[in-house]
Amino acid sequence: MQLSTKHLLGIKDLLPSDISLILSTAQQFKEVLQRPIKKVPSLRDVTIVNLFYENSTRTRISFELAEKRLSADTINFAASASSVSKGETLLDTVNNILSMKVDMVVMRHSASGAPHFLSKHLPDTAIVNAGDGINEHPTQALLDAFSITEKLGTLEGKKILLIGDIMHSRVALSNIYLLTKMGAEVMLSGPPTLMPKYMEAALGVKIEYNLKKALAWCDVANVLRIQLERQNQVLFSSLREYNRAYGVTSKLLSEIDKDIVIMHPGPINRGVEIDSDVADSKNSVILKQVENGVAVRMAVLYLLSGKKELSS
Ligand code: CP
């Protein structure tokens, strides 16, 4: 089985069969990661550069660990410590790195579309989008889907709620594409000023501004951070007001008579979009999401490499 695409630029470009293939391959790699020796030779002769033009904790470490578990050679590039500060363009930077015989590029960038731009200029090098501006974060949506499936058995027919700053969230957009392709129902909740109205009609999702009603509807609540770094105007009154209207608190959850799976892509702003006791509760799979990210990224890198032997 092969993916229908040479790059992973976004979930928008994937077929449901691609998503199923990535998730089933990730399940095999999750089993590898539970062995005493958590390493396979699948990408032994492959060199991968992790090109991070924007800060990251989980995604950068997770990709690097996935590459090491697959026996790939890895190079880590942080734009802040590079010749980008001397005026070098993205394309020149990448062409210089590729001239040293690098096979794949994992890239995070604050500009939406940066990995798409690269893929047009470098059609023969597999590009993996690790988050581009407010556009997509495909491996986050894949690891979220893997974590939901692990907890609930399937995505089909499940009711998934995304809460918060939908407008600036690449995690939200990738999740919406993935969940609707895989037969889940999706609802969005958050302040009207952070809610793109086109989504309801264009992407087949529901919008519910009353958080308590939205929580009563869902099986899974995926809580999103307010992306203050991407907002160039005041879109809500204060963080305290935001917490009152859209913070997921144990008080609010106790008023709803059902168990809801709690997710968050991280980093968490405790006491703003989610209270600590909810983030750390028995229904939270937040750290499981991070754990599953390694297996999911191993699956993505392995499938894009075109290698045939999964493990030994
Ligand atoms: N979820 C996520 O993308 O986290 P980082 O920004 O730390 O990579």
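Residues numbered from 1 in each chain as written. Predicted model: local features only at pLDDT ≥ 70, side-chain atom pairs only at ≥ 80, totals over all residues. Heavy atoms only, no water.

This part covers the domain arrangement of the protein. Once the domains are mapped, the protein shows domain 1 (11-136 + 290-305) and domain 2 (138-288). Put simply, the middle of domain 1 and the middle of domain 2, counted by C-alpha atoms, are 25 Å apart. Every contact between the two is made by 31 residues of domain 1 and, on the other side, 26 residues of domain 2. Counting each side, the surface lost to burial between domain 1 and domain 2 is near 2600 Å², with a carbon and sulfur contribution of 61%. Sorting the residues of domain 1 by area buried against domain 2 places Ile11, Ile134 and Asn292 first, and these three jointly supply 23% of that buried surface. Taken together, domain 1 and domain 2 are joined by 3 salt bridges. When the shortest N-O distance is used, the salt bridge between Glu54 and Arg170 registers 2.8 Å. For the pair domain 1 and domain 2, the interface holds 15 residue pairs in polar contact (both at pLDDT 80 or more). For the side of domain 1 that touches domain 2, the element with the highest residue contribution is helix H1 (residues 16-33), accounting for 8 residues. (Domains from an automatic or database assignment. Contact = heavy atoms within 4.5 Å. Buried area = accessible area lost by both parts, 1.4 Å probe. Salt bridge = Lys/Arg side-chain N within 4 Å of Asp/Glu carboxyl O. Polar contact = N/O pair within 3.5 Å; in protein donor to acceptor, adjacent residues only side chain to side chain. Helix = DSSP H or I, 4+ residues; strand = E, 2+ residues; numbered from the N terminus.)

So, about the sheet that holds strand E9 (residues 261-263). Taken in spatial order, the 5 strands line up as E7-E6-E5-E8-E9 in an open sheet, and their pairing is parallel. Two strands close off the open sheet at either side, each with one partner strand: strand E7 (206-207) and E9. Note that strand E5 (residues 159-163) and strand E8 (residues 220-223) share 4 bridges and pair parallel. Bridge assignment links Leu161 to a residue of E8, and that residue is Ala221. With respect to the sheet, helix H5 (residues 138-152) is in contact with E5, E8 and E9, its orientation differing from that of E9 by roughly 165 degrees. (Pairing = 2+ DSSP bridges. Axes fitted to C-alpha atoms, helices over the stretch in contact; angles between N-to-C directions.)

With that settled, the discussion passes to the pattern of salt bridges. Pairs can form between side chains of opposite charge whenever their charged atoms are close. Inspection of the entire model under this criterion finds 13 salt bridges. A salt bridge links Asp45 to Lys307, with the shortest nitrogen-to-oxygen separation between them at 2.9 Å. Within this pair, whereas Asp45 is found in the loop between H1 and strand E1 (47-52), its partner Lys307 is found in the segment after helix H12 (286-305), the two being separated by 262 residues in sequence. On the basis of relative accessibility, which here comes to 57%, the residue Asp45 falls in the exposed class. The partner of Glu241 in a salt bridge is Arg244, and the shortest N-O contact between them spans 3.2 Å. With Glu241 and Arg244 both in helix H9 (residues 239-246), this residue pair falls 3 residues apart, about one helical turn. Its relative accessible area of 37% is what places Glu241 among the partly exposed residues. Look at Arg244 and you get exposed, because its relative accessible area is 59%. Three or more residues are tied together by salt bridges with common partners; here these are Lys30, Glu150, Lys288 and Glu291. (Buried < 20%, exposed > 50% of the residue type's maximum accessible area, 1.4 Å probe, protein only.)

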